[in-house]
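Okay, here's what each chain looks like letter by letter:
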Amino acid sequence: MAPKCRLVSLKVLDRFGQGTVKSVIAALTHVQDINHRGRELHIQGVNLSLGYPFEAKWFACGHSPICVEVNRLVKSGVVVVIAAGNSGYGTLRTKEGESDAGLELTINDPGNAEYAITVGSTHRDMPHMYGVSYFSSKGPTGDGRYKPDLLAPGERIVSCAATNSRLVVKDADIAECNYFEQSGTSMAAPHVSGAIAALLSIRREFIGDPESLKKIFTSAATDLGRARYFQGSGLVDLMRAIQSI
């Protein structure tokens, strides 16, 4: 998406793909430290391809500690892109029995953060035909806000493999490999992060202005004709975003 973009990798999950909210918040705080709390934006964007189910009994939607830290980071000038989650498909109980169905109100934290760009998944090759991936978490948020914000390809995406990790051994059946195929909103979010990085490489005046970047990309997205709570503003479109400014 942005081949010349320089990346900073902050490890918050173990080899089993598990981690704690504390570790993610520590990583976000580290970004703040590197950026001197917004005074020097050495890191201009953050991608969070992770999440966990929102727990209404503990915090108001969008106000959990991790959502607060995400919003604080955005306010400091860093654009934050987050996977919506993969809990958009489940089981409903009807009079006739149980039935599988797409589920609303399934946006994961920290995707509930208001100022973040929350990304759902669509088909890799034919998004207009197949629309939103069945597993992609659907909105609205628990307090009725529009989410997700955008869609991007998230089905059967070829990406880098962590050698000997549990995920690679389980899904690729090969311990020693450099790339493997995976589906999920965690694969969709980096497409949007890359598109934003590409735009910033030629429109540097938007560095430090995540609010404008969110408006640019949501207004330039391609409508797939699905419900707002399913598709957000639509499929990310880098060329249209560039042409709109």
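Everything quoted here is computed from the prediction, not taken from an experiment.

### Describing unusual backbone geometry
Backbone torsion omega between Asp109 and Pro110 reads 5°, so that peptide bond is classified as cis. As for its position among the elements, Pro110 is in the loop between strand 4 (97-102) and strand 5 (117-122). That bond from Gly139 to Pro140 is cis: its omega, 0°, falls within 30 degrees of zero. With respect to the helices and strands, Pro140 occurs in the loop between helix 3 (127-130) and strand 6 (150-153). Unusually for a residue other than glycine, Arg37 sits at a positive phi of about 55°. Accessibility expressed as a relative area gives 44% for Arg37, which makes it partly exposed.

### Thoughts on helix 6 (residues 210-219)
Among the residues of helix 6, Pro210, Leu213, Lys214, Ile216 and Phe217 are the ones counted as buried. Down the axis, helix 6 shows its buried residues gathered within 165° of arc, on one side only. Exposed side of helix 6, more than 90 degrees from the buried face: Glu211, Lys215 and Ser219 are the residues found there. Buried positions along helix 6 lie against helix 2 (65-75), strand 2 (79-83), strand 5, strand 6, helix 5 (185-202) and helix 8 (238-243).

### Remarks on the environment of Val31
As for its position among the elements, Val31 is in helix 1 (residues 21-34). The class of Val31 is buried, set by a relative accessible area of 4%. Spatially, the C-alpha atoms of Val31 and Ala162 are 23 Å apart, while their sequence positions differ by 131 residues. The residues contacting Val31, other than those within four sequence positions of it, are Leu10, Ile43, Val46 and Leu73.

### Some details on the packing of helix 5 against helix 6
Axis angle and axis distance: for two packed helices, these are the angle between their axes and the distance between the axes, and together they describe the pair. With their axes 12 Å apart at the nearest point, helix 5 and helix 6 run at an angle of 110° to one another. In terms of their interaxial angle, helix 5 and helix 6 are classed as roughly perpendicular. Every pair of crossing elements has a handedness; the one defined by helix 5 and helix 6 is right-handed. Residue-level contacts link Ala195, Ile196, Leu199 and Leu200 of helix 5 to Leu213, Ile216 and Phe217 of helix 6. When the residues that make up the contact of helix 5 with helix 6 are grouped by side-chain class, the tally is seven nonpolar, no polar and no charged.

### Here's the deal with the packing of aromatic side chains
The tally for this structure, following the rule as stated, stands at three aromatic pairs. For the pair Tyr134 and Phe135, a centre-to-centre distance of 5.4 Å together with 80° between the ring planes defines the contact as edge-to-face. Since its relative accessible area comes to 11%, Phe135 is described here as buried. Residues Tyr146 and Tyr229 carry aromatic rings whose centres are separated by 5.4 Å and whose planes lie at 35° to one another, so their mutual orientation is tilted. Separated by 83 residues along the polypeptide, Tyr146 in the loop between helix 3 and strand 6 and Tyr229 in helix 7 (residues 228-231) bring together distant segments of the chain. Looking at Tyr146, the relative accessible area reads 48%, which means it is partly exposed. Of the aromatic side chains, those joined through ring pairs into one cluster are Tyr89, Tyr134 and Phe135. Lying over the aromatic face of Tyr115, Lys75 brings its terminal NZ or CZ to 4.5 Å of the ring centre.

### Remarks on the nonpolar core
Counting residues in each nonpolar core, the largest one holds 23 residues, and the members touching the most others are Ile117, Val119, Val192, Ile196, Leu199 and Phe217. Of all the secondary structure elements, the ones that give two or more residues to this core are strand 2, strand 5, strand 6, helix 5, helix 6 and helix 8. A per-element tally of this core places helix 5 first, with seven residues. Judged by nonpolar contacts, the second largest core, of 20 residues, contains Ala27, Ile66, Cys67 and Val74.

### So, the packing of helix 1 against helix 2
Packing of helix 1 against helix 2 leaves a shortest axis separation of 10 Å and a crossing angle of 15°. What the angle tells us is that helix 1 and helix 2 run roughly parallel. The chirality of how helix 1 crosses helix 2 is left-handed. Facing helix 1, whose interface residues are Val21, Val24, Ile25, Leu28, Thr29, Val31 and Gln32, helix 2 presents Pro65, Ile66, Glu69, Val70, Arg72 and Leu73. Tallied by class, residues from the contact of helix 1 with helix 2 come to nine nonpolar, two polar and two charged.

Criteria and cut-off values
- Residues numbered from 1 in each chain as written.
- Predicted model: local features only at pLDDT ≥ 70, side-chain atom pairs only at ≥ 80, totals over all residues.
- Heavy atoms only, no water.
- Helix = DSSP H or I, 4+ residues; strand = E, 2+ residues; numbered from the N terminus.
- Buried < 20%, exposed > 50% of the residue type's maximum accessible area, 1.4 Å probe, protein only.
- Arc of directions from axis to C-beta.
- Contact = heavy atoms within 4.5 Å.
- Axes fitted to C-alpha atoms, helices over the stretch in contact; angles between N-to-C directions.
- Parallel < 35°, antiparallel > 145°, perpendicular 65-115°, else oblique.
- Left-handed = near helix turned anticlockwise from the far one by under 90°.
- Nonpolar A, V, L, I, M, F, W, Y, C, P; charged D, E, K, R; others polar.
- Phe/Tyr/Trp six-rings, centres within 6.5 Å; stacked < 30°, edge-to-face > 60°.
- Lys NZ or Arg CZ within 6 Å of the ring centre and 35° of its normal.
- Core = buried A, V, L, I, M, F, W, Y, C linked by side-chain atoms within 4.5 Å.

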